[in-house]
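Residue-level listing of the chains:
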Amino acid sequence: MYDCIIIGCGPSGMTCALYLKRSGKKVLILERSMPGGQMVITTNVENYPGFSHIDGASLATSMFEQITSIGVEVIFEDVIACDLKGKVKRVKTDKNQYESKCVYIATGATSRLLNVEGEKRLTSKGVSYCATCDGALYKEKVVAVVGGGNTSLEDCLYLSNVAKKIYLIHRRDEFRGDEILVKRIKELEKQEKIELVLNSQVVEVLGDEKVSAIKVFNKITSNTKTLDVDAVFVAIGRTPDTEIFGDLKRDDYGYIVVDENKKTSILGVFCGGDVSNTHLRQIVTACGDGATASLSINEYLAKY
Ligand code: NAP
(Lines give C-alpha, C1' and ligand atoms only; values in the text may rest on other atoms or scores of the structure.)
Protein backbone atom coordinates (compact mmCIF):
# COMPACT_ATOMS: atom_id res chain seq x y z
CA MET A 1 0.00 0.00 0.00
CA TYR A 2 1.52 3.30 -1.13
CA ASP A 3 0.77 6.58 0.60
CA CYS A 4 0.34 8.20 -2.81
CA ILE A 5 0.30 7.00 -6.38
CA ILE A 6 1.17 9.72 -8.86
CA ILE A 7 -0.07 9.16 -12.39
CA GLY A 8 2.20 10.92 -14.87
CA CYS A 9 5.92 11.59 -14.64
CA GLY A 10 5.98 15.14 -16.02
CA PRO A 11 7.15 18.20 -14.08
CA SER A 12 4.01 18.27 -11.93
CA GLY A 13 4.12 14.60 -10.97
CA MET A 14 7.87 14.70 -10.32
CA THR A 15 7.63 17.80 -8.12
CA CYS A 16 4.80 16.30 -6.09
CA ALA A 17 6.87 13.11 -5.66
CA LEU A 18 9.93 15.11 -4.62
CA TYR A 19 8.03 16.94 -1.88
CA LEU A 20 6.18 13.83 -0.65
CA LYS A 21 9.30 11.68 -0.55
CA ARG A 22 11.17 14.38 1.37
CA SER A 23 8.37 14.32 3.93
CA GLY A 24 8.84 10.57 4.37
CA LYS A 25 5.95 9.24 2.28
CA LYS A 26 5.89 6.04 0.25
CA VAL A 27 5.36 7.25 -3.28
CA LEU A 28 4.94 5.53 -6.63
CA ILE A 29 4.90 7.26 -10.00
CA LEU A 30 3.26 5.42 -12.90
CA GLU A 31 4.23 6.60 -16.37
CA ARG A 32 3.26 5.07 -19.71
CA SER A 33 6.07 6.47 -21.86
CA MET A 34 9.13 8.45 -20.78
CA PRO A 35 9.76 10.85 -17.90
CA GLY A 36 9.26 14.54 -18.62
CA GLY A 37 5.94 14.73 -20.44
CA GLN A 38 5.77 17.54 -22.97
CA MET A 39 9.10 18.93 -21.70
CA VAL A 40 10.86 16.19 -23.62
CA ILE A 41 9.67 17.54 -26.98
CA THR A 42 10.59 21.15 -26.15
CA THR A 43 13.93 22.07 -27.69
CA ASN A 44 14.60 25.25 -25.77
CA VAL A 45 13.25 26.17 -22.37
CA GLU A 46 14.08 29.78 -21.56
CA ASN A 47 11.42 30.58 -18.97
CA TYR A 48 12.25 28.13 -16.21
CA PRO A 49 13.96 30.05 -13.39
CA GLY A 50 17.59 29.19 -12.81
CA PHE A 51 18.33 28.30 -16.43
CA SER A 52 18.70 31.03 -19.02
CA HIS A 53 18.57 28.25 -21.59
CA ILE A 54 18.09 24.50 -21.25
CA ASP A 55 16.68 21.90 -23.61
CA GLY A 56 13.53 20.22 -22.32
CA ALA A 57 14.95 16.71 -22.40
CA SER A 58 17.91 17.73 -20.18
CA LEU A 59 15.58 19.42 -17.70
CA ALA A 60 13.39 16.31 -17.64
CA THR A 61 16.45 14.10 -17.06
CA SER A 62 17.65 16.33 -14.18
CA MET A 63 14.24 16.19 -12.52
CA PHE A 64 14.06 12.43 -12.99
CA GLU A 65 17.56 11.85 -11.58
CA GLN A 66 16.71 14.05 -8.61
CA ILE A 67 13.61 12.07 -7.64
CA THR A 68 15.07 8.63 -8.26
CA SER A 69 18.23 9.55 -6.29
CA ILE A 70 16.08 10.08 -3.17
CA GLY A 71 14.24 6.80 -3.70
CA VAL A 72 11.01 7.69 -5.49
CA GLU A 73 9.78 4.53 -7.18
CA VAL A 74 8.88 4.97 -10.86
CA ILE A 75 7.24 2.17 -12.83
CA PHE A 76 6.74 2.43 -16.58
CA GLU A 77 3.30 0.94 -17.13
CA ASP A 78 0.17 2.28 -18.79
CA VAL A 79 -2.68 3.07 -16.39
CA ILE A 80 -5.84 1.64 -17.93
CA ALA A 81 -8.41 1.95 -15.12
CA CYS A 82 -8.84 3.49 -11.67
CA ASP A 83 -11.17 2.91 -8.75
CA LEU A 84 -10.87 6.18 -6.88
CA LYS A 85 -14.05 6.45 -4.82
CA GLY A 86 -13.16 4.28 -1.78
CA LYS A 87 -10.74 4.95 1.05
CA VAL A 88 -8.26 2.63 -0.66
CA LYS A 89 -7.54 3.79 -4.21
CA ARG A 90 -6.90 1.09 -6.81
CA VAL A 91 -4.94 1.84 -9.94
CA LYS A 92 -4.81 -0.80 -12.66
CA THR A 93 -2.12 -0.80 -15.33
CA ASP A 94 -1.66 -2.96 -18.41
CA LYS A 95 0.44 -5.29 -16.21
CA ASN A 96 -0.45 -4.90 -12.51
CA GLN A 97 -2.76 -3.39 -9.94
CA TYR A 98 -1.55 -1.00 -7.23
CA GLU A 99 -3.18 0.37 -4.06
CA SER A 100 -2.68 3.65 -2.27
CA LYS A 101 -4.22 5.96 0.28
CA CYS A 102 -4.46 8.79 -2.23
CA VAL A 103 -3.77 9.64 -5.86
CA TYR A 104 -2.25 12.67 -7.63
CA ILE A 105 -3.27 12.94 -11.28
CA ALA A 106 -0.70 14.70 -13.46
CA THR A 107 -1.32 13.14 -16.86
CA GLY A 108 -1.07 16.40 -18.81
CA ALA A 109 -2.74 17.36 -22.06
CA THR A 110 -1.91 16.63 -25.66
CA SER A 111 -1.86 19.30 -28.34
CA ARG A 112 -4.01 18.55 -31.34
CA LEU A 113 -1.94 17.97 -34.45
CA LEU A 114 -2.54 19.30 -37.94
CA ASN A 115 -1.70 15.82 -39.21
CA VAL A 116 -0.01 17.12 -42.35
CA GLU A 117 3.21 16.12 -44.05
CA GLY A 118 6.33 17.56 -42.44
CA GLU A 119 4.64 18.39 -39.13
CA LYS A 120 6.04 15.56 -37.01
CA ARG A 121 9.46 15.56 -38.69
CA LEU A 122 9.89 19.30 -38.01
CA THR A 123 8.44 19.38 -34.50
CA SER A 124 10.87 21.34 -32.30
CA LYS A 125 12.61 22.41 -35.52
CA GLY A 126 10.18 25.24 -36.19
CA VAL A 127 6.89 23.48 -35.55
CA SER A 128 5.77 24.37 -32.05
CA TYR A 129 2.63 23.93 -29.98
CA CYS A 130 3.52 26.59 -27.41
CA ALA A 131 4.16 30.20 -28.45
CA THR A 132 4.95 31.35 -24.91
CA CYS A 133 7.57 28.58 -24.64
CA ASP A 134 9.24 28.90 -28.04
CA GLY A 135 8.20 32.31 -29.42
CA ALA A 136 11.31 34.12 -28.17
CA LEU A 137 13.44 32.00 -30.51
CA TYR A 138 11.91 33.78 -33.50
CA LYS A 139 12.89 37.37 -32.83
CA GLU A 140 12.46 39.44 -36.01
CA LYS A 141 11.50 36.31 -37.97
CA VAL A 142 8.41 35.51 -40.02
CA VAL A 143 6.10 33.01 -38.34
CA ALA A 144 2.68 31.44 -38.86
CA VAL A 145 0.04 30.75 -36.23
CA VAL A 146 -2.69 28.22 -37.03
CA GLY A 147 -6.12 28.31 -35.37
CA GLY A 148 -9.03 30.61 -34.70
CA GLY A 149 -9.61 30.22 -30.95
CA ASN A 150 -8.39 32.31 -28.04
CA THR A 151 -5.06 30.49 -27.85
CA SER A 152 -4.16 31.29 -31.45
CA LEU A 153 -5.22 34.92 -31.04
CA GLU A 154 -3.25 35.30 -27.80
CA ASP A 155 -0.29 33.59 -29.44
CA CYS A 156 -0.42 36.18 -32.25
CA LEU A 157 -0.53 39.04 -29.74
CA TYR A 158 2.39 37.57 -27.83
CA LEU A 159 4.39 36.93 -31.00
CA SER A 160 3.68 40.44 -32.31
CA ASN A 161 6.19 41.69 -29.72
CA VAL A 162 8.81 39.27 -30.95
CA ALA A 163 8.42 38.33 -34.62
CA LYS A 164 8.76 40.60 -37.66
CA LYS A 165 5.56 39.33 -39.28
CA ILE A 166 2.85 36.82 -38.45
CA TYR A 167 0.50 34.94 -40.76
CA LEU A 168 -2.63 33.87 -38.90
CA ILE A 169 -4.10 30.92 -40.75
CA HIS A 170 -7.67 29.93 -39.91
CA ARG A 171 -9.91 27.43 -41.64
CA ARG A 172 -12.98 29.73 -41.55
CA ASP A 173 -13.52 33.48 -41.94
CA GLU A 174 -14.93 33.92 -38.44
CA PHE A 175 -12.95 33.53 -35.27
CA ARG A 176 -14.02 31.38 -32.37
CA GLY A 177 -11.91 33.54 -30.01
CA ASP A 178 -13.15 36.53 -28.01
CA GLU A 179 -14.18 39.71 -29.83
CA ILE A 180 -11.74 41.84 -27.84
CA LEU A 181 -8.83 39.71 -29.02
CA VAL A 182 -10.11 39.75 -32.60
CA LYS A 183 -10.20 43.58 -32.43
CA ARG A 184 -6.58 43.70 -31.32
CA ILE A 185 -5.61 41.31 -34.11
CA LYS A 186 -7.38 43.55 -36.67
CA GLU A 187 -5.46 46.58 -35.35
CA LEU A 188 -2.21 44.69 -35.90
CA GLU A 189 -3.44 43.70 -39.35
CA LYS A 190 -3.79 47.41 -40.19
CA GLN A 191 -0.20 47.93 -39.08
CA GLU A 192 0.78 45.06 -41.42
CA LYS A 193 2.26 43.16 -38.50
CA ILE A 194 -0.28 40.37 -38.95
CA GLU A 195 -1.64 39.01 -42.22
CA LEU A 196 -4.89 37.05 -41.99
CA VAL A 197 -5.04 33.97 -44.18
CA LEU A 198 -8.68 32.91 -43.85
CA ASN A 199 -10.71 29.98 -45.17
CA SER A 200 -7.39 28.23 -45.39
CA GLN A 201 -5.75 25.04 -44.19
CA VAL A 202 -2.07 24.26 -43.85
CA VAL A 203 -1.53 21.20 -46.02
CA GLU A 204 2.25 20.73 -45.67
CA VAL A 205 5.17 21.99 -43.62
CA LEU A 206 8.35 22.35 -45.67
CA GLY A 207 12.01 22.39 -44.67
CA ASP A 208 15.05 20.11 -44.45
CA GLU A 209 16.70 20.67 -41.05
CA LYS A 210 14.17 23.28 -39.96
CA VAL A 211 10.94 24.89 -41.12
CA SER A 212 11.37 27.06 -44.19
CA ALA A 213 7.81 27.37 -45.53
CA ILE A 214 4.25 26.09 -45.37
CA LYS A 215 1.80 25.20 -48.10
CA VAL A 216 -1.66 26.66 -47.54
CA PHE A 217 -4.82 25.61 -49.36
CA ASN A 218 -7.61 28.17 -49.78
CA LYS A 219 -10.98 26.42 -49.55
CA ILE A 220 -12.85 29.15 -51.47
CA THR A 221 -10.52 29.57 -54.42
CA SER A 222 -9.02 26.04 -54.30
CA ASN A 223 -5.59 27.65 -54.76
CA THR A 224 -2.54 26.45 -52.87
CA LYS A 225 0.18 28.96 -52.02
CA THR A 226 3.55 28.67 -50.32
CA LEU A 227 4.39 31.05 -47.50
CA ASP A 228 8.01 31.40 -46.40
CA VAL A 229 8.10 31.16 -42.61
CA ASP A 230 10.67 30.30 -39.94
CA ALA A 231 8.18 28.72 -37.57
CA VAL A 232 4.61 27.43 -37.36
CA PHE A 233 2.75 27.69 -34.07
CA VAL A 234 -0.10 25.21 -34.07
CA ALA A 235 -2.88 26.35 -31.72
CA ILE A 236 -5.88 24.26 -32.72
CA GLY A 237 -6.82 23.08 -29.25
CA ARG A 238 -5.58 20.58 -26.72
CA THR A 239 -7.03 17.40 -25.31
CA PRO A 240 -6.55 16.73 -21.59
CA ASP A 241 -5.56 13.13 -20.89
CA THR A 242 -8.52 12.23 -18.68
CA GLU A 243 -10.27 9.29 -20.33
CA ILE A 244 -9.59 6.92 -17.40
CA PHE A 245 -10.92 9.33 -14.76
CA GLY A 246 -14.59 9.22 -15.67
CA ASP A 247 -15.93 9.96 -12.16
CA LEU A 248 -14.15 13.26 -11.62
CA LYS A 249 -15.76 16.63 -12.23
CA ARG A 250 -14.51 18.35 -15.41
CA ASP A 251 -14.98 21.81 -16.84
CA ASP A 252 -16.64 22.52 -20.19
CA TYR A 253 -13.39 21.77 -22.01
CA GLY A 254 -12.76 18.43 -20.32
CA TYR A 255 -10.10 19.60 -17.83
CA ILE A 256 -10.31 18.16 -14.29
CA VAL A 257 -11.72 20.73 -11.87
CA VAL A 258 -9.51 21.42 -8.83
CA ASP A 259 -9.68 23.92 -5.99
CA GLU A 260 -6.75 26.14 -4.96
CA ASN A 261 -5.34 23.25 -2.90
CA LYS A 262 -5.46 20.90 -5.92
CA LYS A 263 -8.29 18.81 -4.49
CA THR A 264 -10.66 17.25 -7.02
CA SER A 265 -14.33 16.36 -6.59
CA ILE A 266 -13.34 12.99 -5.02
CA LEU A 267 -11.87 12.82 -1.51
CA GLY A 268 -8.24 11.68 -1.58
CA VAL A 269 -7.79 12.45 -5.27
CA PHE A 270 -5.64 15.44 -6.17
CA CYS A 271 -4.72 16.83 -9.56
CA GLY A 272 -2.45 19.46 -11.09
CA GLY A 273 -0.54 20.61 -14.15
CA ASP A 274 -1.93 20.72 -17.69
CA VAL A 275 -4.72 18.18 -17.11
CA SER A 276 -6.35 20.44 -14.50
CA ASN A 277 -8.44 23.56 -15.10
CA THR A 278 -5.51 25.86 -14.47
CA HIS A 279 -5.12 29.28 -16.10
CA LEU A 280 -1.52 28.90 -17.22
CA ARG A 281 0.07 25.72 -18.53
CA GLN A 282 3.83 26.00 -18.20
CA ILE A 283 6.59 23.86 -16.65
CA VAL A 284 6.92 26.25 -13.75
CA THR A 285 3.18 26.26 -12.99
CA ALA A 286 3.04 22.46 -13.28
CA CYS A 287 5.83 22.25 -10.68
CA GLY A 288 4.00 24.76 -8.48
CA ASP A 289 0.84 22.65 -8.66
CA GLY A 290 2.82 19.56 -7.62
CA ALA A 291 4.26 21.36 -4.60
CA THR A 292 0.85 22.75 -3.57
CA ALA A 293 -0.73 19.32 -3.96
CA SER A 294 1.94 17.71 -1.76
CA LEU A 295 0.87 19.95 1.11
CA SER A 296 -2.80 18.97 0.70
CA ILE A 297 -1.80 15.31 0.36
CA ASN A 298 0.23 15.44 3.58
CA GLU A 299 -2.74 17.00 5.38
CA TYR A 300 -5.01 14.28 3.99
CA LEU A 301 -2.61 11.49 4.99
CA ALA A 302 -2.26 12.91 8.50
CA LYS A 303 -6.02 12.39 8.99
CA TYR A 304 -6.22 9.10 7.07
P1 NAP B 1 -10.43 26.16 -29.33
O2 NAP B 1 -11.19 27.27 -28.73
O3 NAP B 1 -11.00 24.80 -29.38
O4 NAP B 1 -10.06 26.62 -30.82
C5 NAP B 1 -9.41 25.76 -31.69
C6 NAP B 1 -9.32 26.46 -33.03
O7 NAP B 1 -8.59 25.63 -33.90
C8 NAP B 1 -10.70 26.70 -33.67
O9 NAP B 1 -10.72 27.97 -34.27
C10 NAP B 1 -10.79 25.60 -34.70
O11 NAP B 1 -11.46 26.01 -35.88
C12 NAP B 1 -9.35 25.36 -35.06
N13 NAP B 1 -9.11 23.99 -35.44
C14 NAP B 1 -9.45 22.85 -34.76
N15 NAP B 1 -9.02 21.76 -35.42
C16 NAP B 1 -8.39 22.22 -36.53
C17 NAP B 1 -7.70 21.59 -37.61
N18 NAP B 1 -7.59 20.26 -37.68
N19 NAP B 1 -7.16 22.37 -38.57
C20 NAP B 1 -7.28 23.71 -38.51
N21 NAP B 1 -7.90 24.37 -37.52
C22 NAP B 1 -8.44 23.63 -36.54
O23 NAP B 1 -8.96 25.96 -28.64
P24 NAP B 1 -8.06 27.00 -27.86
O25 NAP B 1 -7.90 28.24 -28.62
O26 NAP B 1 -6.83 26.26 -27.49
O27 NAP B 1 -8.88 27.32 -26.54
C28 NAP B 1 -9.30 26.26 -25.67
C29 NAP B 1 -10.18 26.87 -24.57
O30 NAP B 1 -9.36 27.64 -23.71
C31 NAP B 1 -11.22 27.80 -25.16
O32 NAP B 1 -12.37 27.72 -24.45
C33 NAP B 1 -10.62 29.16 -24.98
O34 NAP B 1 -11.59 30.19 -24.85
C35 NAP B 1 -9.86 28.96 -23.68
N36 NAP B 1 -8.78 29.94 -23.64
C37 NAP B 1 -9.04 31.08 -23.01
C38 NAP B 1 -8.07 32.06 -22.97
C39 NAP B 1 -8.40 33.32 -22.27
O40 NAP B 1 -9.51 33.48 -21.81
N41 NAP B 1 -7.49 34.25 -22.17
C42 NAP B 1 -6.84 31.87 -23.59
C43 NAP B 1 -6.61 30.68 -24.25
C44 NAP B 1 -7.60 29.72 -24.28
P45 NAP B 1 -13.05 26.23 -35.90
O46 NAP B 1 -13.27 27.53 -35.20
O47 NAP B 1 -13.38 26.26 -37.34
O48 NAP B 1 -13.65 25.07 -35.17
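This section reports on the structure supplied with the text. Numbers given for residues are sequential positions, taken from 1 along each chain in its written order. Restriction of local features to residues with pLDDT of at least 70 applies here, the model being predicted, together with a cutoff of 80 or more for giving and counting side-chain atom pairs; totals for whole chains, interfaces and linings are based on all residues. Only heavy atoms go into the side-chain values, all of them from the structure, while hydrogens and water stay out.

Overview of the sheet that holds strand S14 (residues 224–228)
To keep it simple, the criterion reads: Pairing between strands is defined by DSSP: at least two bridges between them are needed. Put simply, DSSP H or I for four residues or longer makes a helix, DSSP E for two residues or longer makes a strand, and each gets a number counted from the N terminus. Only C-alpha atoms enter the line fits that serve as axes; for helices the fit covers just the stretch in contact. Angles between N-to-C directions range over 0 to 180 degrees.
Taking strand neighbours across the sheet as the criterion, the 3 strands line up as S12-S13-S14 in an open arrangement whose pairing is antiparallel. Edge positions in the open sheet fall to strand S12 (200–206) and S14, since each of these has one partner strand only. When strand polarity is set aside, the average angle formed by the axes of neighbouring strands in this sheet is 30°.

Notes on the nonpolar core
Test applied: The criterion is simple. A nonpolar core is a set of buried Ala, Val, Leu, Ile, Met, Phe, Trp, Tyr and Cys residues joined through side-chain atoms within 4.5 Å. Exposed residues in this analysis have more than 50% of their type's maximum accessible area, buried residues have under 20%, and partly exposed residues fall in between, with area computed by a 1.4 Å probe over protein chains only.
Core analysis: the largest hydrophobic core is formed by 31 residues, its most contacted members being Ile6, Ile29, Tyr104 and Ile297. Those elements that place two or more of their residues in this core are strand S1 (2–7), helix H1 (11–22), strand S2 (27–30), helix H2 (56–69), strand S6 (97–105) and helix H6 (283–303). With 6 residues, H6 is the largest single contributor of residues to this core. By size, the runner-up hydrophobic cluster in this structure holds 21 residues, among which are Ile7, Phe245, Leu248 and Val258.

Topic: unusual backbone geometry
Both trends apply: most residues other than glycine have a negative phi, and most peptide bonds are in trans. Phi is positive for Ser124, close to 70°, though the residue is something other than glycine. One can find Ser124 in the loop between strand S7 (109–111) and strand S8 (127–128).

Brief notes about the state of the cysteines
Worth spelling out the cut-off: Any cysteine sulfur atom paired with another within 2.5 Å is treated as part of a disulfide.
The full count for this structure, using the stated rule, is 1 disulfide. Note that Cys130 is cross-linked by a disulfide to Cys133, the S-S spacing being 2.0 Å. With the S-S bond torsion at 70°, the cross-link from Cys130 to Cys133 turns out right-handed. Assessed through its relative accessible area of 19%, Cys130 is described here as buried. Relative accessible area serves as the criterion here: at 22%, Cys133 is assigned to the partly exposed category. Free cysteine Cys287: the closest other cysteine sulfur is in Cys16, separated by 11 Å.

A few points about the packing of H1 against H2
Just so we agree on the cut-off: Orientation labels follow simple angle bins: below 35 degrees gives roughly parallel, above 145 gives roughly antiparallel, 65 to 115 gives roughly perpendicular, and whatever is left gives oblique. Here is the rule for handedness: rotate from the far helix to the near one, and if that takes an anticlockwise turn smaller than a right angle the crossing is left-handed, while a clockwise turn gives right-handed. The criterion used for residue contact is that any of the two residues' heavy atoms lie within 4.5 Å. Amino acids are sorted into nonpolar (Ala, Val, Leu, Ile, Met, Phe, Trp, Tyr, Cys and Pro), charged (Asp, Glu, Lys and Arg) and polar (every other residue, Gly among them).
The interhelical angle for the contact between H1 and H2, taken along N-to-C directions, is 25°, at an axis separation of 10 Å. The angle between the axes of H1 and H2 places the two elements in the roughly parallel class. Seen along the crossing, H1 lies across H2 with a hand that is left-handed. Together, Pro11, Met14 and Leu18 of H1 and Ala60, Met63, Phe64, Gln66 and Ile67 of H2 make up the contact between the two elements. Residues belonging to the contact of H1 with H2 are distributed by class as follows: 7 nonpolar, 1 polar and no charged.

Brief notes about the environment of Val162
Mapped onto the elements, Val162 comes out in the loop between helix H4 (150–159) and strand S10 (165–169). Residue classification places Val162 among the buried positions, given a relative accessible area of 12%. Sequence separation between Val162 and Leu137 is 25 residues; the distance between their C-alpha atoms is 8.6 Å. Apart from residues lying up to four places away in sequence, Val162 is in contact with Gly135, Ala136, Tyr138, Lys139 and Glu140.

A short note on H4
Along H4, the residues classified as buried are Ser152, Leu153, Asp155, Cys156, Leu157 and Leu159. Residues of H4 that are buried in the fold lie against helix H3 (131–134), strand S9 (142–146), S10, helix H5 (179–190), strand S11 (194–197) and strand S15 (231–234).

Some remarks on a positive patch on the surface
Inclusion rule: Patch membership needs two things, relative accessible area over 30% and no salt bridge, and members are linked within 9 Å if like-charged or within 5 Å if nonpolar (Val, Leu, Ile, Met, Phe, Trp, Tyr). Only the protein chains shown count as cover for residues, and the accessible areas themselves come from Shrake-Rupley with a 1.4 Å probe. Each salt bridge in this description consists of a side-chain nitrogen of Lys or Arg and a carboxyl oxygen of Asp or Glu lying within 4 Å of one another. Under the convention used here, Asp and Glu are negative, Lys and Arg are positive, and both His and the chain ends fall outside the count. Positions of charges follow a simple convention, taking NZ of Lys, CZ of Arg, CG of Asp or CD of Glu.
On the surface, a cluster of positive charge is made up of Arg112, Arg171, Arg172, Arg176 and Lys219. Tracing the sequence through the fold places Arg171 in the loop between S10 and H5. Overall, Arg171 belongs to the partly exposed group, its relative accessible area being 49%.

As far as function goes, none of this settles anything; it's purely spatial.
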